[in-house]
Amino acid sequence: MASPESAVNGPTMTAGAASKSLRNAFGGVIAFIILVLIGVLAFSIRLFSVIKYESVIHEFDPYFNYRVTQFLSKNGIYDFWNWFDDRTWYPLGRVIGGTVYPGLTLTAGTIWKVVNSLNIPLSVETVCVFTAPIFSAFASWAAYLLTKEVKGPGAGLTAAALLAMVPSYISRSVAGSYDNEAVAIFALVFTFYLYIKTLNTGSLFYATLNALAYFYMVCSWGGYTFIINLIPMHVLLCIVTGRYSSRLYIAYAPLVVLGTLLASLVPVVGFNAVLTSEHFASFLVFIIIHVVALAYYIKGILSPKMFKVAVTLVVSVGLAVCCAVIAILIAVVASSPTKGWSGRSLTLLDPTYASKYIPIIASVSEHQPPTWPSYFMDINVLAFLVPAGIIACFMPLTDSSSFVILYIVTSVYFSGVMVRLMLVLAPAACILSGIALSEAFNVLTRSIKFQLPGIAGNPSIAVRMWRKENGSSTVVAPNDIPKTEEAAKEKPAKKNRKKEKENVEKKPTPSKTEKRLLVLPLEASVIAVLLLVLLGAFYVVHCVWAAAEAYSAPSIVLTSHSNDGGLHVFDDFREAYSWLSHNTDVDDKVASWWDYGYQTTAMANRTVLVDNNTWNNTHIATVGTAMSSPEKQAWEIFHSLDVKYVLVVFGGVVGYPSDDINKFLWMVRIGGGVFPHIKEPDYLRDGQYRIDAQATPTMLNCLMYKLSYFRFVETDGKGFDRVRRTEIGKKHFKLTHFEEVFTTHHWMVRIYKLKPQRNRIRGKTKKSKSSRSVSSKRDVRGKRNPWH
Amino acid sequence: MGRSSTVKETQALFQSLRSAYAATPNNLKIIDVYVGFAVLTAVIQVVYMAVVGSFPFNSFLSGVLSCIGTAVLAVCLRIQVNKDNKEFKDVAPERAFADFILCNLVLHLVIMNFMG
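What counts as what
- Residues numbered from 1 in each chain as written.
- Chains lettered and ligands numbered in written order.
- Predicted model: local features only at pLDDT ≥ 70, side-chain atom pairs only at ≥ 80, totals over all residues.
- Heavy atoms only, no water.
- Helix = DSSP H or I, 4+ residues; strand = E, 2+ residues; numbered from the N terminus.
- Buried < 20%, exposed > 50% of the residue type's maximum accessible area, 1.4 Å probe, protein only.
- Contact = heavy atoms within 4.5 Å.
- Areas by Shrake-Rupley, 256 points an atom, 1.4 Å probe, with all protein chains shown as cover.
- Lys, Arg positive; Asp, Glu negative; His and termini not counted.
- Charge placed at Lys NZ, Arg CZ, Asp CG, Glu CD.
- Axes fitted to C-alpha atoms, helices over the stretch in contact; angles between N-to-C directions.
- Parallel < 35°, antiparallel > 145°, perpendicular 65-115°, else oblique.
- Left-handed = near helix turned anticlockwise from the far one by under 90°.
- Core = buried A, V, L, I, M, F, W, Y, C linked by side-chain atoms within 4.5 Å.
- UniProt positions renumbered as here; feature names shortened; annotations may be inferred.
- Pairing = 2+ DSSP bridges.
- Phe/Tyr/Trp six-rings, centres within 6.5 Å; stacked < 30°, edge-to-face > 60°.
- Lys NZ or Arg CZ within 6 Å of the ring centre and 35° of its normal.
- Salt bridge = Lys/Arg side-chain N within 4 Å of Asp/Glu carboxyl O.
- Buried area = accessible area lost by both parts, 1.4 Å probe.
- Polar contact = N/O pair within 3.5 Å; in protein donor to acceptor, adjacent residues only side chain to side chain.
- Nonpolar A, V, L, I, M, F, W, Y, C, P; charged D, E, K, R; others polar.
- Patch = residues over 30% accessible without salt bridge, like charges linked within 9 Å, V, L, I, M, F, W, Y side chains within 5 Å.
- pLDDT = per-residue confidence, 0-100.

Moving on to the overall build of chain B. Secondary structure assignment for chain B yields four helices and zero strands. Seen in sequence order, chain B has helices and strands lined up from the N terminus as α-α-α-α. Looking at chain B as a whole, 36% of its 116 residues qualify as buried. Considering only contacts within chain B whose residues lie at least 6 apart along the sequence, 69% involve residues at least 24 apart. Split by element, the accessible area of chain B, about 7200 Å² in all, is 70% carbon and sulfur. Charged side chains in chain B number 9 positive and 7 negative. The centres of these two groups are separated by 10 Å.

This is the structure we're talking about:
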């Protein structure tokens, strides 16, 4: 894990330029080989799901991205920009071109096009499945570049190796997880690298590249607001701590202007780039940095006495103007109810916001706060290397290391709000841990090198090392190599620099012992190095285990091990979708809970009512109300939306815990949030949702219960639900408005068809009968059901 | 008494500002004139928008941001070309100018795409 560069700071430096360049070249070659190996490692550790299952797209969201990429590859980019999708959110449709972040699909589409034009026949699915591992290799290289700018190549290689394996990043970028984060994390780290590079060099060229990388990030993920708020925060921090320099201006000002323009180019962001509160921080700091730059300029050209006069004049005038501007700004912002912030951003700032106001955001499992064990699961050993890295960043504190400290602090806060944002924490943790480990190895190996007993006679080396010890008697940064003007033996010195624990022999001179060095005792150093290597080994073992066991499940295919060790595969989802695509008409509408929308449109190719985009809360509430209502009312709701088939997921036979009965509480809550006749206490007994004999009659009569448990007693005679671990309450019942058309092999997906309306109505006409009963009911209940 | 002294101090302040500024080399003054012109154009556009209304908003935004963008880039060029800046003394002014041109090219490409 330690690179040869970390051993470079030993005292055996030579003054010869030729040997130094040769040594640098050799070190560069080794660094290059290590980087290639890190890229291969990052790619291969993510292939477990392909090996264990098959090369298939995972989860829910990637299916939508896959469908969009298919459309792009088939129809070209102009049709993609203008695509209006009418097979989802029936009858509203969805404007794909304006509501999707195009970075991922454009990247995969470009790769597919390039590869096919070179006559390598990869299908779109293969390209989509393997996009994430490729970009994780790029992300590791970007982390190397970023950490090299902050601390040096040794820390860079360590950080890259850590990022290649960190489980939190693996979880969102396995082969098959074709989601925005696969590309976005690479764009994030690369943008930060270019910002730091511009800050360190002050070159406008890197500032342009920085703006272009930021544009790629805006195209890829909604998390770009993190960048456009973190960088202004860092600029403000630099100004306040007195680190303003003209390089800071060059790094920040072009980025704001060019970045805002480029962000407005992306249709899904559009004018939000200048109108929403998420971007106001960047404009505010833009104004502040101009004021500061002007102040420094005037200070430079005036004498100090005159400058004091100028300051008093400006302060008195400027204060009045500032107050007026701020008052106007506050009035404008306060006039909007959410103060200009979007719902998701408000959830980040106030973690309790979503549960009070927007139940859909609160219902997504990725938006829950993480538990403490998930920190150890996701970043493992890095969790306690990060504080060491923070301390190492303070010695010495530069602009770039202050940026990294700010990055880790903000990402730790946000990761505490949402589990999903542990992903943003992962690169920061890897960078700081890389710095910490590299510094630790530096100190320890230097201690070992100083104290290895005896050199076989080279007094000049000894004297040179002695002088080095004088110069480097305190802990130094890796790149800090003190100069010496003494000519020395070049070849032994070169070899000494390359190997860390080589037996360097030196003759101890008596005067050496007079100067006390800050080195650790030899035995302690050796043991410490061994322990650090062991720590790294534990980290690697944990990462490989997490990648293989915990994060490789495609969740569209489930497996379990039977008693005799055989593997049993549950492929019910794909079975149901292929039944739908083969046995229904192309224009038939399928109603299900929004989780399965993307998969249904992508795999079954049928129109759905709601899908995972969840942009229309009322429509989702309609479906939720239908699932919570009795059969007749549910039939009427679905019939008014032209639905032909209803799909429910049921895990009671095999013990699959993520089925619709377990999600039922969200259907009730979301439906009840919009339609007040659905009241949650009607479904609760003693504050719990129950489906056994103690369940409320409303629960036993609702559509979800009936569709899930229809004919369930026929499986085992008693109706024992393996997930809820009880027998069900109502066992023998018939369906009056729906008929069952398909149940998969393990009863995991059940498809029902709406029965057509009866031609002949018995007795009085339906309308007068229902209106009279409703009017009598209305006097009693007081809450109106809009479908009667 | 105090009033006239502050007035006198202010006059002395402006006098010293003017004399210090007159000492800057000519090439920097040319850049400053360019920056002033760009900012003035931006102000004119904002006033026009306030009078006429902001539709189409993307054209207004691209116009204003192009002016502010070239102003910012010219300031960056001035920073890098200024001989008093010790951080940039090993950057050749030709290199600084080439970076300036490149960044302006990218900026105006984006502007032309966004203007609509």
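This is not the end of the story, as more comes after the structure.
Another aspect to go through is the overall build of chain A. For chain A, the helix and strand inventory stands at 35 helices and 13 strands. When each of the 788 residues of chain A is scored for burial, the buried share is 52%. Counted over contacts in chain A with a minimum sequence separation of 6, partners at least 24 positions apart contribute 74%. When the accessible surface of chain A is split by element, carbon and sulfur atoms take 63% of a total near 34900 Å².

What follows covers the side chain of A:Asn380. Mapped onto the elements of the fold, A:Asn380 is located in the loop between helix 20 (372-379) and helix 21 (382-393). Residues contacting A:Asn380, with those up to four places away along its chain left out, are A:Tyr375, A:Phe538, A:Tyr539 and A:His542.

Residue and element names in this part refer to chain A. Viewed as axis vectors pointing N to C, helix 10 (residues 180-201) and helix 12 (residues 224-240) meet at an angle of 25 degrees, and their least axial separation amounts to 11 Å. As judged from the angle between their axes, helix 10 and helix 12 are roughly parallel. In the packing of helix 10 onto helix 12, the handedness of the crossing is right-handed. Judged by residue contacts, Leu188, Thr191, Phe192, Tyr195 and Leu199 of helix 10 engage Phe226, Ile227, Leu230, Ile231, His234 and Val235 from helix 12.

Moving on: the nonpolar core. Residue and element names in this part refer to chain A. Membership of the largest hydrophobic core comes to 224 residues, with the highest contact counts inside it found for Phe192, Phe638 and Phe738. Counting residues per element, this core draws most heavily on helix 23 (residues 422-451), which supplies 15 residues. Discounting chain neighbours no more than four positions away, the residues touching Phe192 are Leu146, Phe226, Ile227, Leu230, Ile231, Phe403 and Tyr407. Leu157, Ala160, Ala161 and Ala164 belong to the second-largest nonpolar core, a separate cluster that totals 10 residues.

All right, on to the UniProt feature "transmembrane region" (unreviewed entry) in chain B then. If you check UniProt for "transmembrane region" (unreviewed entry), the listed places come out as residues 33-51, 57-77 and 97-115 of chain B in our numbering. For residues 57-77 of chain B, helix accounts for 100% and strand for 0%, while the C-alpha atoms at its two ends are 30 Å apart.

Adjacent strands of a sheet form backbone hydrogen bonds with each other and so pair up, either parallel or antiparallel. All names here are of chain A. Read from one edge of the open sheet, five strands run 6-5-7-13-12, paired in mixed fashion. Sheet topology places strand 6 (607-608) and strand 12 (738-743) at the edges, where each strand pairs with a single neighbour. Bridge count for strand 12 against strand 13 (residues 749-754) is five bridges, and the pairing is antiparallel. For Glu740, the partnering residue across the bridge sits in strand 13 and is Tyr752.

All right, on to the packing of aromatic side chains then. Residues and elements named next belong to chain A. Enumeration over the complete set of coordinates arrives at 38 aromatic pairs over all chains. Here Trp89 and Trp615 contribute two aromatic rings whose centre-to-centre distance is 5.4 Å and whose plane-to-plane angle is 50 degrees, an arrangement assigned as tilted. Taken as a pair, Trp89 in the loop between strand 1 (84-85) and strand 2 (94-95) and Trp615 in the loop between strand 6 and helix 29 (617-628) lie far apart in primary sequence, 526 residues in all. Each member of the aromatic cluster is reached from another via a ring pair, and the members are Phe192, Tyr195, Phe226, Phe403, Tyr407, Tyr413 and Phe414. Its end group placed over the ring of Tyr169, Arg46 keeps NZ or CZ at 4.9 Å from the ring centre. Across from the ring centre of Tyr296, 6.0 Å away, lies the NZ or CZ of Lys299, which sits over that ring.

What follows covers the environment of A:Ser374. Residue position: A:Ser374 is located in helix 20. Along the sequence, A:Ser374 and A:Phe84 sit 290 residues apart, while their C-alpha atoms lie 40 Å from each other.

Applying the stated criterion across every chain, the model contains 22 salt bridges over all chains. Note that A:Glu149 is salt-bridged to A:Lys197, the shortest N-O span being 3.2 Å. One end of the pair, A:Glu149, is in helix 7 (residues 124-150); the other, A:Lys197, is in helix 10, with 48 residues separating them in the sequence. The pair formed by A:Glu149 and A:Lys197 is uniform in burial state, with each residue classed as buried. For the salt bridge of B:Arg78 with B:Asp32, the shortest nitrogen-to-oxygen distance reads 2.6 Å. Of this pair, B:Arg78 sits in helix 3 (residues 57-81) while B:Asp32 is found in helix 2 (residues 26-52), placing the two residues 46 residues apart along the sequence.

We now examine the UniProt feature "domain: STT3/PglB/AglB core" (unreviewed entry) in chain A. Per the UniProt entry, the sites bearing "domain: STT3/PglB/AglB core" (unreviewed entry) are residues 587-646 of chain A in this numbering. For residues 587-646 of chain A, helix accounts for 50% and strand for 15%, while the C-alpha atoms at its two ends are 14 Å apart.

Next up on the list: the interface of chain B and chain A. If you look at the interface, chain B gives 37 residues, while chain A gives 33 residues. A combined buried area of about 3000 Å² lies between chain B and chain A, and 82% of that area is made up of carbon and sulfur atoms. Connecting chain B to chain A are zero salt bridges. Summed over the shared surface of chain B and chain A, the result is three residue pairs in polar contact (both at pLDDT 80 or more). When contributions to the side of chain B that touches chain A are tallied by element, the ones reaching two or more residues are helix 1 (2-22), helix 3 and helix 4 (93-115) of chain B. Considering every element that reaches the side of chain B that touches chain A, the biggest residue donor is helix 3 of chain B, with 14 residues. In terms of residue class, the side of chain B that touches chain A is built from 23 nonpolar, nine polar and five charged.

Turning next to the packing of helix 3 (residues 61-75) of chain A against helix 28 (residues 597-604) of chain A. Residue and element names in this part refer to chain A. At their nearest, the axes of helix 3 and helix 28 sit 7 Å apart, and the two run at 40 degrees to each other. Comparing the axis directions of helix 3 and helix 28 gives the class oblique. Considering the relative orientation of helix 3 and helix 28, their crossing is left-handed. Of helix 28, the residues touching helix 3 (which contributes Asp61, Tyr63, Phe64 and Arg67) are Tyr598, Gln599, Thr601, Ala602 and Met603. Among the residues making up the contact of helix 3 with helix 28, the classes are represented as five nonpolar, two polar and two charged.

Okay, helix 30 (residues 631-640) of chain A next. Quick reminder: α-helices carry 3.6 residues per turn. Residues three or four places apart thus point the same way. Here helix 30 of chain A has its buried residues at A:Glu631, A:Gln633, A:Ala634, A:Trp635, A:Ile637 and A:Phe638. Downstream of helix 30 of chain A by one or two residues, A:Asp642 has phi in the positive range, about 65 degrees.

Another aspect to go through is the pairing of strand 3 (residues 558-561) of chain A. Residue and element names in this part refer to chain A. As paired strands, strand 3 and strand 4 (residues 567-570) are joined by four bridges and run antiparallel to one another. By the bridge assignment, His561 is partnered in strand 4 with Leu567. Counting the residues in the hairpin turn of strand 3 and strand 4 gives five residues, including Gly565, whose phi is positive at 90 degrees.

All names here are of chain A. Residue position: Ser415 is located in helix 22 (residues 399-417). In terms of polar contacts, Ser415 uses its side chain to reach the side chain of Tyr375, at 2.9 Å. Excluding anything up to four places from it in sequence, Ser415 contacts Pro370, Tyr375, Leu421, Met422 and Leu425.

Another aspect to go through is a nonpolar patch on the surface. The grouping of A:Val29, A:Phe32, A:Ile33, A:Val36, A:Leu37 and A:Val40 at the surface amounts to a nonpolar patch, some 560 Å² of accessible area in total. Relative to the assigned elements, A:Leu37 resides in helix 1 (residues 17-45).

Let us look at the environment of A:Val533. Position of A:Val533 among the secondary structure elements: in helix 26 (residues 522-550). As for A:Val533 and A:Phe441, which are separated by 92 residues in sequence, their C-alpha atoms are 9.9 Å apart.

The next subject is the confidence of the model for chain A. When pLDDT is averaged along chain A, the result is 82, and 83% of the positions lie at 70 or above. Throughout residues 769-782 of chain A the model reports pLDDT below 50, and contacts reaching past four residues in sequence, or to other chains, amount to four contacts.

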